[in-house]
Amino acid sequence: MSKVTMKLDALTCPSCMTKIEGALSKKDGVQNVKVLFNASKVKAEFDDSTVSAEDLANVVTDLGYAVQSSKVKAL
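Conventions used here
Residues numbered from 1 in each chain as written. Predicted model: local features only at pLDDT ≥ 70, side-chain atom pairs only at ≥ 80, totals over all residues. Heavy atoms only, no water. Helix = DSSP H or I, 4+ residues; strand = E, 2+ residues; numbered from the N terminus. Buried < 20%, exposed > 50% of the residue type's maximum accessible area, 1.4 Å probe, protein only. Pairing = 2+ DSSP bridges. Core = buried A, V, L, I, M, F, W, Y, C linked by side-chain atoms within 4.5 Å. Contact = heavy atoms within 4.5 Å. Patch = residues over 30% accessible without salt bridge, like charges linked within 9 Å, V, L, I, M, F, W, Y side chains within 5 Å. Areas by Shrake-Rupley, 256 points an atom, 1.4 Å probe, with all protein chains shown as cover. Salt bridge = Lys/Arg side-chain N within 4 Å of Asp/Glu carboxyl O. Lys, Arg positive; Asp, Glu negative; His and termini not counted. Charge placed at Lys NZ, Arg CZ, Asp CG, Glu CD. Axes fitted to C-alpha atoms, helices over the stretch in contact; angles between N-to-C directions. Parallel < 35°, antiparallel > 145°, perpendicular 65-115°, else oblique. Left-handed = near helix turned anticlockwise from the far one by under 90°. Nonpolar A, V, L, I, M, F, W, Y, C, P; charged D, E, K, R; others polar.

**Remarks on unusual backbone geometry**
Even without being glycine, Ser40 reaches a positive phi, approximately 55°. Turning to its location among the elements, Ser40 is positioned in the loop between strand S2 (30–36) and strand S3 (41–46).

Given below as structure tokens:
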């Protein structure tokens, strides 16, 4: 199990938060997702044998949001 924190370009509305959380939650292996609207960050816990942090970043960019940086930590 791992945890990723992604710093995004500024989120402009609360519906962005819901959109990102929903899309990441649907990925196999994702256990928990939280978007911090004011900090423009996404935190997710995931099974790294099923999905990678890069896969999760790709989901976010496919939604139209730029990932500035990401940090992965093993749990």
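**Structural notes on the pairing of strand S1 (residues 2–8)**
Side chains of S1 alternate between two faces, with Ser2, Val4, Met6 and Leu8 buried and Lys3, Thr5 and Lys7 left unburied. Relative to S3, S1 runs antiparallel, the two sharing 6 bridges. Bridging from a neighbouring strand, Lys7 pairs with Lys41 of S3. Pairing geometry for S1 and strand S4 (residues 67–74), over 7 bridges, is antiparallel. Across the sheet, Thr5 pairs through a bridge with Lys71, a residue of S4.

**Side note on the nonpolar core**
Membership of the largest hydrophobic core comes to 20 residues, with the highest contact counts inside it found for Met6, Ile20, Leu24, Val42 and Leu56. Secondary structure elements with two or more residues in this core: S1, helix H1 (14–25), S2, S3 and helix H2 (53–62). With 5 residues, H2 is the largest single contributor of residues to this core. When sequence neighbours within four positions are dropped, the list of residues in contact with Val42 reads Val4, Thr5, Met6, Leu8, Ile20, Leu24, Val33, Lys34 and Val35.

**A few points about a positive patch on the surface**
A cluster of basic residues, Lys41, Lys43, Lys71 and Lys73, forms a positive patch on the protein surface. Only S3 and S4 provide two or more residues apiece to the positive patch. Among the secondary structure elements, Lys73 is positioned in strand S4.

**Observations concerning the environment of Lys19**
Note that Lys19 resides in helix H1. Owing to a relative accessible area of 43%, Lys19 belongs among the partly exposed residues under this scheme. In this structure, the C-alpha to C-alpha distance between Lys19 and Ala66, residues 47 residues apart in sequence, is 14 Å. Those residues within four positions of Lys19 in sequence are excluded, and the remaining contacts are Leu63 and Tyr65.

**A short note on the packing of H1 against H2**
Following both chains from N to C, one finds H1 and H2 inclined at 140°, their axes separated by 10 Å at the closest point. Relative to H2, the element H1 lies oblique. Crossing of H1 over H2 shows right-handed handedness. Between H1, through Ile20, Ala23 and Leu24, and H2, the contact on the second element is made entirely by Leu56, Val59 and Val60. The residue makeup of the contact of H1 with H2, split by class, is 6 nonpolar, no polar and no charged.

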